[in-house]
Amino acid sequence: MPRHTSGDKEIQPSNSISHDQIFTHGPRRYFYRQSIQNGELPRWSSGLLGGFPVGADPHYGWFDPVSSIFAIFPFHAAFKIMGLTQWFLAALFSYLFLRAIGLGRLGSITRGIAFFSGPYFITRTTNISDAMSALWLPYLLWITRSEEHTSELQSHSFIPFA
């Protein structure tokens, strides 16, 4: 696959900030999509040099549940949907953590919005790997806090992914 196409549709960045998404993360996500659609785990790509262990590259994010967006939605829309999902999850997990430590609803909502709309998330929008990692921080803080205050082990299905 040429580095700027999605199947037979050419993808061009709408601004200079989007180049990393299109030229770096685009081919990775396209390979992920094609592998899943072919019923395969995206482990190895023979299209780069003599072969490349994509399952070992942390920038691919194969085990991140948000990456499944690329297998479900049309490729050209998946980046936008993933960005919105990242922002929503960052705000939600921040809200849940802040509520767990005793902050009120309005304060938790305000700080949740501040977390995902702050400089770190905004400047990392084009670097998917950084944003994907950062959104799980409030989740990990929330489940750690929840586990500290319960006598039974609770089931948190996303612990292995975070």
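Source: prediction; values computed, not measured.

Thresholds, definitions, all that
Residues numbered from 1 in each chain as written. Predicted model: local features only at pLDDT ≥ 70, side-chain atom pairs only at ≥ 80, totals over all residues. Heavy atoms only, no water. Helix = DSSP H or I, 4+ residues; strand = E, 2+ residues; numbered from the N terminus. Buried < 20%, exposed > 50% of the residue type's maximum accessible area, 1.4 Å probe, protein only. Contact = heavy atoms within 4.5 Å. Areas by Shrake-Rupley, 256 points an atom, 1.4 Å probe, with all protein chains shown as cover. Expected span 1.5 Å × (residues − 1). Arc of directions from axis to C-beta. Axes fitted to C-alpha atoms, helices over the stretch in contact; angles between N-to-C directions. Parallel < 35°, antiparallel > 145°, perpendicular 65-115°, else oblique. Left-handed = near helix turned anticlockwise from the far one by under 90°. Nonpolar A, V, L, I, M, F, W, Y, C, P; charged D, E, K, R; others polar. Phe/Tyr/Trp six-rings, centres within 6.5 Å; stacked < 30°, edge-to-face > 60°.

Chemist: For this particular structure, what's the right way to read the overall build of the chain?
Modeler: A count of helices and strands for the chain gives 6 helices and 2 strands. Tracing the chain from N to C terminus, the helices and strands come up as β-β-α-α-α-α-α-α. The proportion of buried residues among the 162 residues of the chain is 36%. Counting contacts in the chain only where the partners sit at least 6 residues apart, residues at least 24 apart contribute 50% of the total. Accessible surface, the chain: about 9,700 Å² in total, of which carbon and sulfur atoms supply 61%.

Chemist: How do you make sense of the environment of alanine 91 when you look at a structure like this?
Modeler: Position of alanine 91 relative to the elements: it lies in helix 3 (residues 75-100). Residues alanine 91 and isoleucine 109, 18 residues apart in the sequence, show an inter-C-alpha distance of 7.6 Å. Residues in contact with alanine 91, not counting those within four places in the same chain, are Gly112 and Phe116.

Chemist: Help me understand helix 4 (residues 105-116), please; the structure alone is not making it clear to me.
Modeler: Given a rise of 1.5 Å per residue, 12 residues ought to cover 16 Å, and the 17 Å separating the end C-alpha atoms of helix 4 matches this to within 8%. For helix 4, the full list of buried residues reads Ser108, Gly112 and Phe116. Mapping the buried residues of helix 4 onto a view down its axis gives an arc of 55°, with all of them on the same face.

Chemist: So what exactly am I meant to see when it comes to the packing of helix 3 against helix 6 (residues 128-148) here?
Modeler: Each pair of packed helices can be described by the angle between their axes along with the distance between the axes. The N-to-C vectors of helix 3 and helix 6 enclose an angle of 25°; their axes lie 8 Å apart at closest approach. If you check the angle between helix 3 and helix 6, you find them roughly parallel. Viewed along their axes, helix 3 and helix 6 form a crossing whose handedness is left-handed. Between helix 3 and helix 6, the contacting residues are Phe79, Met82, Gln86, Leu89, Ala90, Phe93, Ser94, Leu96, Phe97 and Ala100 on the first element and Ile128, Ala131, Met132, Leu135, Trp136, Pro138, Tyr139, Leu141, Trp142 and Arg145 on the second. Of the residues that constitute the contact of helix 3 with helix 6, the class distribution is 17 nonpolar, 2 polar and 1 charged.

Chemist: Quick question: what am I supposed to make of the packing of aromatic side chains here?
Modeler: Ring pairs (aromatic) are described by centroid distance and by the angle formed between their planes. According to the stated counting rule, one finds 9 aromatic pairs in the structure shown. Measuring from centroid to centroid gives 5.9 Å for phenylalanine 75 and phenylalanine 79, while their planes differ by 75°, and the two rings are edge-to-face. Residue phenylalanine 75 and its partner phenylalanine 79 are located together in helix 3, separated by 4 residues, close to a single helical turn. Phenylalanine 79 carries the same exposure label as phenylalanine 75, and that label is buried. Cluster of aromatic residues (ring-pair linked, three or more members): Tyr30, Phe70, Phe75 and Phe79.

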